Amino acid sequence: MIENRNVQKDLEQLDAILKEQGISRRDAMKMMGLGGAAFMVGSTEAQAATVAKASSAKGKILIIGGGLAGMSTAARLTNTLSNPDITVIEPETLSCSYQPGQTLVGAGLWKKGDIAYKRDDFVPSGVKIVKEKAVEFDPENNTVTTDKGTKISYDYLVVAAGLKLNYAAIKGLEEAGEAYSSGDNKKLVDVLNSVGASSIYTADSAEATWANMEKFIASAKSGKKVKGLFTHPNTPIKCGGAPKKIMYLANSRLEEAGARNNADLHFYPNGGGMFGVKEYHNAIVDQFKARNFKWSYKHNLIAIDGENKTATFNHHWTEKGAWDEDLEEYGVELKSEEITVPYDFIHITPPMKAPDEIGNSKIGSSKGWIPVKKETLQHVKFKNVFALGDIAAVPMGKTGGSARKQYKVVVDNLISMMESGKIPKTNKEYAGYTVCPLITSIGTVMLAEFNWTKKPTPMVPLDPTQERYIWWLLKFYLLKPMTIHGMLAGKA
Amino acid sequence: MINKTITSIALSAVAIFALTGCGEKNAKVEAKTYKYTTVQVYEKSCIKCHGKYGEGNPDKKTPALNDRTAGEMAQDLYDVKNGGTGIGGGGTDHEIMEHNMQKLVDQGYDYDINSMAEFLSYLIKNK
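None of these values were measured; they are calculated from a predicted model. (Residues numbered from 1 in each chain as written. Chains lettered and ligands numbered in written order. Predicted model: local features only at pLDDT ≥ 70, side-chain atom pairs only at ≥ 80, totals over all residues.)

1. A short note on the overall build of chain A
Next, step 1: On a plain count of helices and strands, chain A comes out with eleven helices and 21 strands.
Next, step 2: Relative to the compact-globule value of 23 Å for 492 residues, chain A shows a C-alpha radius of gyration of 23 Å, a close match.
Next, step 3: Dimensions of chain A along its principal axes, counting C-alpha atoms only, are 65 × 65 × 50 Å.
Next, step 4: By the burial criterion, 54% of the 492 residues in chain A qualify as buried.
Next, step 5: Counted over contacts in chain A with a minimum sequence separation of 6, partners at least 24 positions apart contribute 63%. (Helix = DSSP H or I, 4+ residues; strand = E, 2+ residues; numbered from the N terminus. Rg over C-alpha atoms; globule rule 2.2 N^0.38 Å. Buried ≥ 20, exposed ≤ 12 C-beta atoms within 10 Å, placed from the backbone. Contact = placed C-beta atoms within 7 Å.)

2. A short note on the overall build of chain B
Next, step 1: Summing up its helical and strand segments, chain B has five helices and zero strands in all.
Next, step 2: Written out in order from the N terminus, the α and β elements of chain B read α-α-α-α-α.
Next, step 3: Burial statistics for chain B: of 127 residues in total, 39% are counted as buried.
Next, step 4: For chain B, the share of sequence-separated contacts (at least 6 apart) that also reach a separation of at least 24 residues comes to 50%.

3. Some words on the packing of helix 3 (residues 70-82) of chain B against helix 5 (residues 113-125) of chain B
Residues and elements named next belong to chain B.
Next, step 1: At a minimum axis distance of 8 Å, the contact between helix 3 and helix 5 shows a crossing angle of 135 degrees. Comparing their axes, helix 5 and helix 3 come out oblique. Here helix 3 runs over helix 5; the crossing is right-handed. Judged by residue contacts, Ala70, Met73, Ala74, Leu77, Tyr78 and Lys81 of helix 3 engage Ile113, Asn114, Met116, Ala117, Glu118, Leu120 and Ser121 from helix 5. (Axes fitted to C-alpha atoms, helices over the stretch in contact; angles between N-to-C directions. Parallel < 35°, antiparallel > 145°, perpendicular 65-115°, else oblique. Left-handed = near helix turned anticlockwise from the far one by under 90°.)

4. Some words on the confidence of the model for chain A
Residues and elements named next belong to chain A.
Next, step 1: Per-chain confidence: chain A averages 91 in pLDDT, with 91% of residues scoring 70 or above.
Next, step 2: Contacts for the low-pLDDT stretch residues 1-5, under 50 throughout, to residues beyond four places or in other chains number five contacts.
Next, step 3: Between residues 28-50, whose pLDDT stays under 50, and residues either more than four places distant or in other chains, the model counts 43 contacts. (pLDDT = per-residue confidence, 0-100.)

5. Looking at helix 3 of chain B
Residue and element names in this part refer to chain B.
Next, step 1: Compared with an ideal rise of 1.5 Å per residue, which puts 13 residues at 18 Å, helix 3 spans 18 Å between its outermost C-alpha atoms and is within 8% of the ideal.
Next, step 2: Counting buried residues along helix 3, eleven of its 13 residues qualify, which places the element largely inside the surrounding structure.
Next, step 3: Where helix 3 is concerned, the buried positions are Ala70, Gly71, Glu72, Met73, Ala74, Gln75, Asp76, Leu77, Tyr78, Asp79 and Val80.
Next, step 4: Each element contacted by the buried residues of helix 3 is listed here: helix 4 (95-106) and helix 5. (Expected span 1.5 Å × (residues − 1).)

6. What about the sheet that holds strand 12 (residues 263-269) of chain A?
All names here are of chain A.
Next, step 1: One open sheet holds the five strands; their spatial order is 10-17-11-12-13, and the pairing between them is parallel. What marks the edges here is a single partner per strand, and that holds for strand 10 (197-198) and strand 13 (294-295).
Next, step 2: Across two bridges, strand 12 lies against strand 13 in parallel orientation. By the bridge assignment for strand 13, His266 is matched with Lys294. (Pairing = 2+ DSSP bridges.)

7. Side note on the packing of helix 2 (residues 38-50) of chain B against helix 5 of chain B
Residue and element names in this part refer to chain B.
Next, step 1: Across the interface, helix 2 lies against helix 5 with an axial gap of 9 Å and an inter-helix angle of 65 degrees. Remark: the crossing between helix 2 and helix 5 carries right-handed chirality. Here helix 2 contributes Thr38, Val39 and Tyr42 to the contact with helix 5, which in turn contributes Ser115, Met116 and Phe119.
Next, step 2: Classifying every residue of the contact of helix 2 with helix 5 by side-chain character gives four nonpolar, two polar and no charged. (Nonpolar A, V, L, I, M, F, W, Y, C, P; charged D, E, K, R; others polar.)

8. Here's the deal with the pairing of strand 11 (residues 226-232) of chain A
All names here are of chain A.
Next, step 1: Most of strand 11 sits out of view: six of its seven residues are buried.
Next, step 2: Examined bridge by bridge, strand 11 and strand 12 share seven bridges and lie parallel to one another. Residue pairing in the sheet places Gly228 in a bridge with Leu265 of strand 12.
Next, step 3: For the crossover that starts at strand 11, traverses helix 7 (residues 242-256) and ends in the parallel strand 12, the hand is right-handed.
Next, step 4: Two elements, strand 11 and strand 17 (residues 345-347), share three bridges in a ladder whose sense is parallel. By the bridge assignment, Gly228 is partnered in strand 17 with Phe345. (Right-handed = clockwise from strand over helix to strand, strands pointing away.)

9. Description of the domain arrangement of chain A
Next, step 1: Domain boundaries in chain A define domain 1 (5-16 + 54-163 + 355-433 + 476-487) and domain 2 (165-352).
Next, step 2: Between domain 1 of chain A and domain 2 of chain A, the C-alpha centre-to-centre distance is 29 Å. (Domains from an automatic or database assignment.)

10. Notes on the sheet that holds strand 7 (residues 156-159) of chain A
Residue and element names in this part refer to chain A.
Next, step 1: Spatially, the five strands line up as an open sheet ordered 3-2-1-7-19, and their pairing is parallel. The sheet terminates laterally at strand 3 (128-130) and strand 19 (385-387), the two strands that pair on one side only. The average undirected angle you get between the axes of adjacent strands in this sheet is 20 degrees.
Next, step 2: Where strand 2 (residues 86-89) meets strand 3, three bridges bridge the pair, whose relative direction is parallel.

11. Let's talk about the environment of Thr145 of chain A
Residue and element names in this part refer to chain A.
Next, step 1: Summarising the element assignment, Thr145 is placed in strand 5 (residues 143-146).
Next, step 2: You can call Thr145 partly exposed: it has 15 C-beta atoms within 10 Å.
Next, step 3: Distance in space between the C-alpha atoms of Thr145 and Lys133 is 8.4 Å, their sequence separation being twelve residues.
Next, step 4: Apart from residues lying up to four places away in sequence, Thr145 is in contact with Val135, Glu136, Thr150 and Lys151.

12. Describing the nonpolar core
Residue and element names in this part refer to chain A.
Next, step 1: Judged by nonpolar contacts, the single largest core of 167 residues is most densely connected at Val158, Val159, Leu388, Ile391 and Ala392.
Next, step 2: For this core, the element with the most residues is helix 11 (residues 469-487), which contributes eleven residues.
Next, step 3: When residues of this core are sorted by domain, at least three fall in each of domain 1 (5-16 + 54-163 + 355-433 + 476-487) and domain 2 (165-352).
Next, step 4: What Leu388 contacts, discounting residues up to four positions off in sequence, is Ala69, Ala160, Leu377, Ala403, Gln406, Tyr407 and Val410. (Core = buried A, V, L, I, M, F, W, Y, C linked by C-beta atoms within 7 Å.)

13. Re unusual backbone geometry
Next, step 1: You will see that Glu328 of chain A, though not glycine, has its phi angle at about 55 degrees, which is positive.
Next, step 2: Structurally, Glu328 of chain A is set in the loop between strand 15 (310-324) and strand 16 (329-342).
Next, step 3: For Glu328 of chain A, a count of 12 C-beta atoms within 10 Å translates into the label exposed.
Next, step 4: At Lys61 of chain B, a position not held by glycine, the phi torsion is positive, near 60 degrees.
Next, step 5: Here Lys61 of chain B is to be found in the loop between helix 2 and helix 3.

Dropping the structure here:
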C-alpha cells in the first residue's frame with residue numbers, strides 16, 4: 001500500500017491549477033475517457049495499465065539493486081508470475097527516492113523531503129529483501145555474495161544496481177570519493193562546500209546547491225559582477241539534461257531577483273554539441289542565445305582549486321592531419337590544452353561509472369557497464385542474466401524514462417527464458433526510448449523525447465522543440481505520482 | 001495564459017500514454033539499406049587498418065578490436081557512429097575514429113552496428 005502525502009500534495013496542487021482553467025481533475029479524466037485511470041485519482045484499486053500475461057513459470061530470481069529500475073522489475077514480475085520467487089538485494093534505506101526531483105531541489109522549488117522515498121515502502125508483497133550489498137559475482141556458478149558474507153544462488157539474475165558518481169576523479173575533490181544519489185552524502189557536501197562547489201546529483205548536495213545559489217544571487221543583487229560555471233563530463237551520465245536544467249533554473253532565479261545582468265553564466269560540456277538529436281541541439285542553442293548564456297564545447301573539468309576559486313578544464317580538439325591512404329582522406333590529430341577559469345558559483349556534473357565490484361566482475365566489461373544486447377537487455381555472455389537502468393551498457397539509456405520502457409522488456413524476456421529457454425522474436429524490443437523534460441525556466445519545459453533513430457519521437461502531436469507550460473505541469477506535478485503509483489507498482 | 005483545450009489534449013495524451021504504454025508502437029529502428037554488405041565493408045575498408053582478424057596495426061596506431069565481446073563492440077561502434085553514447089554534451093570516446101567514420105560513411109562504407117559487431121566476433125573466434 002502506497003501512502004504518501006507528498007504525492008497527494010502534488011495532485012492537490014495540480015487540481016488547483018486545473019481549477020483555474022475551469023476543470024477538475026476528475027472532470028479532466030472523464031473528458032479524456034480515462035475511467036481506468038484509477039491510480040491518478042487516488043484510488044487504491046489501481047488497474048494494471050498493460051495487463052501482463054500470467055505465467056506459471058518457475059525459477060529463483062535475484063535482483064541486484066532496489067532503486068526505480070530494480071523495484072519496478074520486482075513488482076511487475078510479482079504481478080505476472082503465479083509462483084514468484086524473487087529476492088532483491090539493496091542496502092540503501094532511501095533507494096526508491098525520486099531522483100528526477102533533485103534538479104527542483106537544487107533550485108529551491110522542492111524540498112529534499114519531497115523526493116525521499118523509502119525502499120521498505122515499495123517491496124512488493126512476497127518479495128524477499130536482503131539489506132546488504134552485493135560484492136561478489138560468480139555467474140558461472142550462479143551465485144552472488146554480499147558484504148556480510150551471505151551467499152545467494154539464483155536461476156536468473158537481474159542487475160539494476162545503478163551507477164556511482166565519481167567526484168574523486170576531479171583533482172581537488174579526491175576526499176569526496178564516490179557517491180550514490182540517495183542516502184547520506186554529508187561528507188560529499190562538506191568537501192563541495194569547502195571549495196564553494198555545487199552538484200545536484202545527490203539529494204543532500206542538491207539541497208546544498210540551493211543554499212549556494214541563493215548566495216550567488218545575493219552577491220549579484222548587491223551589484224557585484226559574478227561568474228557561474230556549469231560542467232558536463234566525458235562519461236555517460238544519468239539524466240543528460242540536468243547539467244543544463246540547473247543552469248536554466250539559476251537564470252530564472254537571477255531574473256526573479258532582478259540581478260541577471262550582473263551574472264555571467266557559462267556552460268562547459270566535454271562534447272562538441274548540446275544534444276545528440278539535431279532538432280533538440282538546435283533548439284537548445286537558440287534558447288542559450290535568447291538567454292545570453294555562454295558556452296565552450298570540448299571542455300572537460302579536471303581540477304578544482306578551492307582556495308583560488310578556479311576550475312581547470314582539459315580543452316581538446318582535432319586538427320587536420322596527414323593524408324591517410326587507407327582512409328583516402330586527410331586524418332585528424334588530437335590537440336589539447338589546460339584552461340583555468342575563475343568561478344563564484346560552479347555546478348559540477350561528476351564523471352560516472354559502474355560500481356567497481358560489479359563493473360570489474362565477470363558480468364562487467366572494460367568500461368564497467370554491464371554489456372547487454374541493447375534490444376533485449378540480455379547479458380551478452382550469460383543468458384540467464386539481464387541488466388537495466390543506469391548500470392546497463394545501453395546508449396542514451398540512463399534516465400527514469402528509459403528505465404520505464406526497459407523494465408517491461410526485461411520482465412517479458414526473463415519470463416520467456418524461464419518458459420522456453422529463449423527469447424522469441426515476437427517479444428517487444430527496447431528501441432532506445434528516452435525522455436528528457438528539459439526545464440528551460442521556472443514554468444517552461446521542452447519535452448525532448450527520442451530513441452536510437454536519433455529523431456524526435458513526441459508522444460503528442462505538438463512541436464517537440466517548443467518550450468511549453470503544459471510540460472512544466474507534467475514535470476512539476478505529474479511525473480512523480482506516475483512514477484510512484486504506476487512504475488514502482490510495476491504497472492505503468 | 002494557457003489554452004484549456006491544449007491543456008486537456010496534452011494531459012490526456014500524457015495520461016493515456018502513461019497508462020497504456022501505447023505511445024511506442026513496437027518502434028523498430030527504421031530499415032536502412034546499405035551500399036555494401038557488412039562483410040564487404042570490413043574487407044574493403046576496415047581491414048586496411050584494423051587487420052584481417054581485428055588485431056589492429058601498431059604502426060598506424062590503430063587499435064585492436066579483438067579484445068572485446070560483441071556487446072562491447074556494438075557499444076563502441078554506436079559511440080563512433082553517433083559521436084557518443086550519452087544524451088547531452090558528453091561527447092565521444094573515439095574522437096579520431098568519429099572523424100574517420102564520417103568520411104567512410106560518405107564513401108559508402110556504412111553498416112548496421114549489430115551486424116558488424118557480430119561479424120567481428122565471428123572473425124575473431126574463427127581466426
